[in-house]
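# Architecture and fold: a report
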Amino acid sequence: MQKKQGKSPGPKKNFSQKPTFKQKPSSSPSYSKANQEMNTRQYTVKEPMELLPFLIEKLSSLGRNSVKAILARGQVAVNGKAVTAYNHPLLPDQTVTINKDKIVEDIPLAGMSILHEDDDVIVIQKDAGLLSIAANTQENEITAYRQLTAHVRNHDPKARIFVVHRLDRDTSGVMMFAKNEKAQQHLQNTWQESVKERTYVALVEGMVKKPEGTISSWLKEHTKSLKMFSTPYPNDGQHAVTHYKTIQTNRSFSLLEVNLETGRKNQIRVHMQDIGHPVVGDKKYGAKTKEIGRLGLHARVLAFIHPTTGQLLRFETNIPKLFMNPFREAPGTK
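It should be emphasised that the depicted structure is a prediction, and the values quoted were computed from it without experimental measurement.

## Description of the overall build of the chain
Each helix and strand counted, the chain has seven helices and 17 strands in total. With 334 residues in all, the chain has 42% of them scored as buried. Counting only contacts in the chain whose residues sit at least 6 apart along the sequence, the fraction spanning at least 24 positions is 63%. Accessible area for the chain stands at about 18400 Å²; split by element, carbon and sulfur atoms hold 49% of it.

## Describing helix α5 (residues 181-189)
Among the residues of α5, those classed as buried are A183, Q184 and L187. Looking straight down α5, one finds its buried side chains confined to an arc of 100 degrees; they lie on one side. Of the exposed residues in α5, those oriented more than 90 degrees away from the buried face are K182 and N189. The inward-facing, buried residues of α5 contact β8 (121-126), β9 (162-163), β10 (172-178), α6 (191-194) and β16 (297-305).

## A short note on helix α2 (residues 51-58)
Of all the residues in α2, the buried ones are L51, L52, F54 and L55. The arc that holds every buried residue of α2, seen down its axis, measures 160 degrees, which confines them to one face. Considering only its buried residues, α2 is in contact with β1 (41-44), β2 (49-50), α3 (64-72), β3 (76-78), β5 (89-90) and β6 (95-98).

## Let's talk about unusual backbone geometry
Its identity as a non-glycine residue notwithstanding, N79 has a phi of 50 degrees, on the positive side. Within the secondary structure, N79 sits in the loop between β3 and β4 (81-82). With a phi angle near 75 degrees, D93 is a residue other than glycine that sits in the positive phi range. If you trace the backbone, D93 turns up in the loop between β5 and β6.

## Observations regarding the side chain of N266
Take N266: it is sitting in the loop between β15 (253-260) and α7 (267-274). Those residues in contact with N266 that lie beyond four places of it in its chain are D168, M228, K284 and Y285.

## A closer look at the environment of Y145
Relative to the assigned elements, Y145 resides in helix α4 (residues 144-153). On the accessibility criterion, Y145 (26% relative accessible area) is partly exposed. Sequence spacing of Y145 and A134 is eleven residues, and the spatial spacing of their C-alpha atoms is 8.0 Å. Among residues more than four places away in sequence, those in contact with Y145 are S132, I133, I161, V163 and F177.

## Here we look at the packing of aromatic side chains
The full count for this structure, using the stated rule, is two aromatic pairs. Ring plane angle 80 degrees and centroid distance 6.4 Å describe the contact between Y43 and F54, whose orientation is recorded as edge-to-face. Taken together, the residues span a long stretch of sequence, with Y43 in strand β1 and F54 in helix α2 at a distance of eleven residues. For the pair formed by Y43 and F54, the shared burial category is buried.

How each quantity is defined
Residues numbered from 1 in each chain as written. Predicted model: local features only at pLDDT ≥ 70, side-chain atom pairs only at ≥ 80, totals over all residues. Heavy atoms only, no water. Helix = DSSP H or I, 4+ residues; strand = E, 2+ residues; numbered from the N terminus. Buried < 20%, exposed > 50% of the residue type's maximum accessible area, 1.4 Å probe, protein only. Contact = heavy atoms within 4.5 Å. Areas by Shrake-Rupley, 256 points an atom, 1.4 Å probe, with all protein chains shown as cover. Arc of directions from axis to C-beta. Phe/Tyr/Trp six-rings, centres within 6.5 Å; stacked < 30°, edge-to-face > 60°.

Here you go:
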């Protein structure tokens, strides 16, 4: 997870409240009075009682109907969870919060978690198996892009998400999206300069004997199979450079730290096949084993210059525990 999440630069939104907006004037005197007097307030429950009487007691300057309206509009939370029931039971030491606007609760996310969010970017950790963004053939499938769009529109119906880069469906790890077109364009146009570190861990087949190395080739995509491959002809395709270091190895498997100098489609997977050590579980690029039941590729670190603040943000995640399984000794062995 991000090491210094609390110190990340950039303005961070408080998603416990929606942005303020002008409400239409009402002919109801009690409603207007409620609007004038209501600000975000917090109270601690002293003795057991129901929520409505508690609110009437605390908001004594408002009429009963005004208090009911505040409750019905979803502006009251008990211990951080929105409550609308008049007879909701309160217990001592619980916290009751009354908000100026309706409380918006974040929607649950499947197969991903948010590491950082500000006005310009969202950084997530994606699980293996989740698509970054749908292809034409998976229009109804759950993706990171669709979930994040729903997440931001939960707070602002006009909000949008913009794709900056992608991870393969079966690759887990850190990736980011932009929250406005200006940030997206800046990151994409300055990708080589803005991205300071992209580190992966790859579990590959076989013993990689060379402790570290660099793989350089020209990548092309097969027109029919859409499979990437290294062309033997210089300057034919996109230049791709991959650096690796061996973290751990045995006779059957190696765990590598992989740094990308370029970010081409399937680059690591092709380059691992090129050196005779395909990524575990990657049948498309020559793997023969399914040792961990998933693709052995994880985007561990992403560090980049924030498109607005110009400050360096770095996010690091743990190596998936499954990747260490091939190196654990069997019970009873030495």
